[in-house]
Amino acid sequence: MTSWAPQQAALQEILQTIHESTDTSNSAVQRTITHKLNNFTRAPDYVAYLAYILSSMPQEEDRFRTIAGYLLKNNARLILRASPDVLTFAKSAVLLAFNDPSIMIRNAAAQDIVAFLGILEPRNWPECLQQLVHMLDAPNVEQQEAAFNVLERACEDYPRKLDVDINGTWPLEYMIPKFIVLSEHPNAKMRAHAIACLSYFVPIGCQSLFAHIDTFIACLFKRASDEDSAVRKHVCQALVLLLASRPEKLMPEMANVAEYMLYSTKDKHENVALEACEFWLTFAEDPDLSPYLHPLLAKVAPVLLDCMVYSEDDLLWLQGDEEDAAVPDKDTDIKPRHYGGKSHGFEREGNGEDGSGKRVGAYGEELAEGDDDDYEDLDDDEFADEMSTEWNLRKCAAAALDVLAVRFGADLLNVLLEPLKTKLWSDDWLQRESGILALGAMAEGCIDAIEPHLPTLVPYLINTLNDPKPLVRSITCWTLGRYASWCTQPISTEHKNNFFVPTLEGLLRMVLDNNKRVQEAGCSAFATLEEDAGPELAPYLEPVLRNLVFAFDKYQHKNMLILYDAVGTLADAVGPALQNPTYVEILMPPLLKRWSKLKDDDDDLIPLLECLASVTIAMGSAFLPYAGPIFERCHTLVHTSLLQYQAYQQNPEMDEPDRSFLVVALDLLSGLTQGLGMALEQHISGSVPNLLELLNVCLKHPHAAVRQSGYALVGDMAMNCFPLLRTHVPAIMQELIAQLDPEPKVEFISACNNAAWAVGEIALRFGRDDAEFQQWVHPLISRLVPILLHPKAPRSLHENAAVSIGRIGLMHPGLVAPLLPEFAQAWCQALYEIRDNEEKDSAFRGLCTLVQTNPAGITKSLLWFCNAIVRWNQPSAELNNMFQQLLSGFKQHDAVGWAAQVSTFPPVIQERLATRYGV
């Protein structure tokens, strides 16, 4: 076979470890084994030993050989650094094992082949691809299936690696016609594999497939009525992929395709129905296809509505009827949370958002706002109606309805009004529940059309919170949350009494429900209501707080995490109203009780610290009695985390410490700084090591999230307790300047944002023409201007850079004004859409000061400057006066030239300049 052969001692050691790994009862043994297996990976021929055990030791039990096969798959990347002998042996051995008499061994070898072929790439292992394709003609159907199974996984996982020239030939030019022929195979599994393999080449624009596209589509139509559900599922999947990639190929046949997909969406096999339902979701998501979808709306929407009823499998999974509030959660119930830290951004005019950043999809998962600095990975499994952890027909139909609502609005409601009424007032609770889900799914897109019905629907929903079925109560909470913005509108006292207060009371009752699913939905919906209501909640704070505090004693582990979020959101919403001593007395004892119970390494400390950060900002000076121990613990967490990370850097074999504790402790320190300002002096001055020395280490941390929160703390300290920060600024400024990057990696954007913002806060606090700060003006401006001018820098970074340039210019106009022609236009373009606030005001005062210092610097950008001026709604008196002086000065300097230039401006700018400033 090859010149590699195993050493007996090493072989026995690996075998022994594999044998011991089957003893799962002893966790200490398992840890030792994990450590041993990790050490084996350092041996240059470890993969050859595993391949040998899998392929050439029939005397061993199949289960041990199979474990070797799975270890080989998990360590397949080691093949890249293997010697030629080891590589040759491992490749031959897995192909040998693929023909083993034992099905277990063949399955393990199949996984290894898929992994190896993906890592080595087919061009470097053509004989494997040849053997697999050759086996499709084997006399034995079992062998045919096994080969096709491997090919299908390869086509799914890395289709582009197969679409290559190998030694002058393109394997797919032979394989694709072969797959089309095999779609007629008498064996259903072979037909399913054939259609599946073909479909995976659609999204990559594979020319070998598109050369046969019409034959492929004809083959799909032929198999559309196949008696095997797996074949029909793959036909539906292929049609979905074609619709997404080559819709023009389906449009001539769309009437037939649509009929087939509607029929398949009602298929009794849910796996077929789900794939067919994906077709409508894909169709709805492409705005260019709207004209083709619109005529089908009357047929499609009612079918989707019917797909949203819980299936029997869903109900078995959910077991949703019991009063389980006292039943402790299992660890597996709690999904890992990813804590991202705080990022400084601005609200823009006309975006209608309150900056909360939370938007919920039709089936309850959180969607990130579509801004350029939001690079959160969305977790497809996070659904408020939490049916199971998997994507299913009900969720897909709800998602499709959500997108259809956004696309077609009132037209969709007109189609669904009668079937929705039938469901909402049905005697069958399953029908009612699905109708309420549909109502929530349509909230975003159909709000204008649904609004006239809300005075009837909202009381209906509030009343439905009394339904005996927990699943009905939980979905009703979610749907009420989707209409919270309507309920909270300050239209009139009557609106408040009829809709806002009853919704508030109803959701608070659900927060304390005896079913955990209802508690979760109630708490999440209540947090949405808090965001939408904002300060309107202030008069109801006492009952709200008493209910939330009662939940602290009632909730199990999972819902406690949602409760922290609701309390933090409440603090953000009502702000200083929380400073009332009565409210402080209600809220702080239970929070401190939780705080004292949790150890420093308990993951639950993270959401509690996050919650407290919001509470400290809202309570302000009222929080002072509690500040000492909280500051000390944050300081300890920062110090400990940095020591742990230092130990990890010195010994990379250790597990990397969780940085979330460090990030969230820095954010809580930011909250304390915002809430208490100089009142923190004794705590900061007395900290050992000094907090600011630790902060400087955080600014050098390799993880961007730590630097991001570090710069947020720097900016907050500059704003709220600058005297404590000042002596440390020289060391901090070095790091700040280095962090400012015109084209940061995606994961560095928020850290760069916060650094750009913090610079401006520091500049303001040093004051006008400060001698010490002057040394940093040029290094900062030479970093900030390229960020502002960089076409690929995210919008948020442009905004923060522009504000800081303006603020540095306000304090040091003599040094910055000569550069004004370089950045004036980009500066105005970056900030004209930002909502009026103090930061924008100080930045514009800076720009005006630069223009006063160097009037010629704005000449080429006068249109953009005037546009930015007239976009203000309410500039401060000082800023408005500066605008007036500058504009009048331009006009007086050259009245004819000014009039000529203004006459070229858009009429709306001319009109506002004349009305507001008489120019």
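To start, this report covers the structure provided alongside it. Keep in mind it's a predicted model, so treat the numbers as computed, not measured.

A tally of helices and strands in the protein chain yields 50 helices and 2 strands. Relative to a compact globule of 919 residues, whose C-alpha radius of gyration would be 29 Å, the protein chain shows 32 Å and is just as compact. On the principal axes, the C-alpha backbone points of the protein chain span a range of 95 × 70 × 65 Å. In the protein chain, the share of contacts with a sequence separation of at least 24, taken over all contacts with a separation of at least 6, comes to 75%. Roughly 39,000 Å² of accessible area belongs to the protein chain as shown, and the carbon and sulfur atoms make up 51% of that amount. Charge-centre separation for the protein chain: the mean point of 73 positive side chains lies 1 Å from the mean point of 123 negative side chains.

Now for the packing of aromatic side chains. Enumeration according to the criterion identifies 25 aromatic pairs in this entry. With a centroid separation of 5.7 Å and an interplanar angle of 80°, the aromatic rings of Phe279 and Phe283 are classed as edge-to-face. Of this pair, Phe279 and Phe283 are both found in helix α17 (residues 270–285), 4 residues apart, which corresponds to roughly one turn of the helix. Of the residues examined, Phe279 reaches a relative accessible area of 0% and is grouped as buried. An angle of 75° between the planes, with centres 5.2 Å apart, marks the rings of Phe722 and Phe766 as edge-to-face. Here Phe722, found in helix α39 (residues 722–726), pairs with Phe766, found in helix α41 (residues 749–766); they are 44 residues apart in sequence, far enough to count as distant. Looking at Phe766, the relative accessible area reads 7%, which means it is buried. Taken together, the ring pairs connect Trp827, Phe844, Trp872, Phe883 and Tyr917 into an aromatic cluster.

A word on unusual backbone geometry. For the bond from Val688 to Pro689, the omega torsion is -10°, close enough to zero to count as cis. Considering the arrangement of structural elements, one finds Pro689 in the loop between α36 (681–685) and α37 (691–698). For Glu121, which is not glycine, the phi dihedral falls at a positive 75°. Residue classification places Glu121 among the partly exposed residues on the basis of a relative accessible area of 23%. Even without glycine at this site, Asn167 takes up a positive phi of about 50°. Under the relative-accessibility criterion, Asn167 is labelled exposed at 74%.

With that settled, consider helix α48 (residues 877–893). Between the first and last C-alpha of α48 there are 24 Å, a value that for 17 residues agrees with the 24 Å anticipated at 1.5 Å per step. Buried residues belonging to α48 abut α46 (838–853), α47 (862–870), α49 (895–902) and α50 (907–917).

Glancing now at the nonpolar core. Formed by 333 residues in total, the largest nonpolar core has its most connected members in Trp280, Ile762, Trp827 and Phe865. Excluding anything up to four places from it in sequence, Ile762 contacts Val714, Ala718, Phe722, Leu725, Val729, Met733, Leu736 and Phe773.

Below, the discussion takes up empty space enclosed by the protein. The full count for this structure, using the stated rule, is 1 cavity of 30 Å³ or more. Estimates place the volume of the largest cavity at around 50 Å³. For the largest cavity, the full set of lining residues is Ser641, Gln644, Tyr645, Pro657, Asp658, Arg659, Leu662 and His701. For the lining of the largest cavity, the element with the most residues is helix α34 (residues 624–650), which contributes 3 residues. Here the residues of the lining of the largest cavity sort into 3 nonpolar, 3 polar and 2 charged.

Let's shift gears to the packing of helix α31 (residues 557–574) against helix α33 (residues 605–619). Packing of α31 against α33 leaves a shortest axis separation of 8 Å and a crossing angle of 15°. Between α31 and α33, the angle falls in the class roughly parallel. The element α31 and its partner α33 pack so that their crossing is left-handed. Listed contacts from α33 to Leu561, Tyr564, Val567, Gly568, Ala571 and Asp572 of α31 are Pro607, Leu608, Cys611, Ser614, Val615 and Ala618. Tallied by class, the residues present in the contact of α31 with α33 amount to 9 nonpolar, 2 polar and 1 charged.

Turning our attention to the pattern of salt bridges. The tally for this structure, following the rule as stated, stands at 40 salt bridges. Asp226 is the salt-bridge partner of Arg191, the closest N and O atoms lying 2.8 Å from each other. Of this pair, Arg191 sits in helix α11 (residues 188–199) while Asp226 sits in the loop between α13 (213–223) and α14 (229–245), and the two are 35 residues apart along the sequence. Connected through shared salt-bridge partners, Glu184, Arg191, Lys222, Arg223, Asp226 and Glu227 make up one network.

Locating Asn696 in the fold gives a position in helix α37. Judged by its relative accessible area of 13%, Asn696 falls in the buried class. Along the sequence, Asn696 and Ser485 sit 211 residues apart, while their C-alpha atoms lie 42 Å from each other. Apart from residues no more than four positions distant in its own chain, Asn696 is found in contact with Ala731, Ile732 and Glu735.

This part covers the environment of Ser524. Mapped onto the secondary structure, Ser524 falls in helix α29 (residues 516–533). Given the relative accessible area of 31%, Ser524 is considered partly exposed. Once the C-alpha coordinates of Ser524 and Met811 are considered, the two residues, 287 residues apart in sequence, prove to be 45 Å apart.

What follows deals with the environment of Gln649. Mapped onto the elements, Gln649 comes out in helix α34. For the pair Gln649 and Leu780, spaced 131 residues apart in sequence, the C-alpha separation works out to 31 Å.

Conventions used here
Residues numbered from 1 in each chain as written. Predicted model: local features only at pLDDT ≥ 70, side-chain atom pairs only at ≥ 80, totals over all residues. Heavy atoms only, no water. Helix = DSSP H or I, 4+ residues; strand = E, 2+ residues; numbered from the N terminus. Rg over C-alpha atoms; globule rule 2.2 N^0.38 Å. Contact = heavy atoms within 4.5 Å. Areas by Shrake-Rupley, 256 points an atom, 1.4 Å probe, with all protein chains shown as cover. Lys, Arg positive; Asp, Glu negative; His and termini not counted. Charge placed at Lys NZ, Arg CZ, Asp CG, Glu CD. Phe/Tyr/Trp six-rings, centres within 6.5 Å; stacked < 30°, edge-to-face > 60°. Buried < 20%, exposed > 50% of the residue type's maximum accessible area, 1.4 Å probe, protein only. Expected span 1.5 Å × (residues − 1). Core = buried A, V, L, I, M, F, W, Y, C linked by side-chain atoms within 4.5 Å. 1 Å grid on protein atoms, 1.4 Å probe; cavity = no way out; pocket = protein on both sides within 12 Å on 5 of 7 lines; lining within 4 Å. Points joined across faces, edges and corners; volume = space filled by probe spheres on them. Nonpolar A, V, L, I, M, F, W, Y, C, P; charged D, E, K, R; others polar. Axes fitted to C-alpha atoms, helices over the stretch in contact; angles between N-to-C directions. Parallel < 35°, antiparallel > 145°, perpendicular 65-115°, else oblique. Left-handed = near helix turned anticlockwise from the far one by under 90°. Salt bridge = Lys/Arg side-chain N within 4 Å of Asp/Glu carboxyl O.

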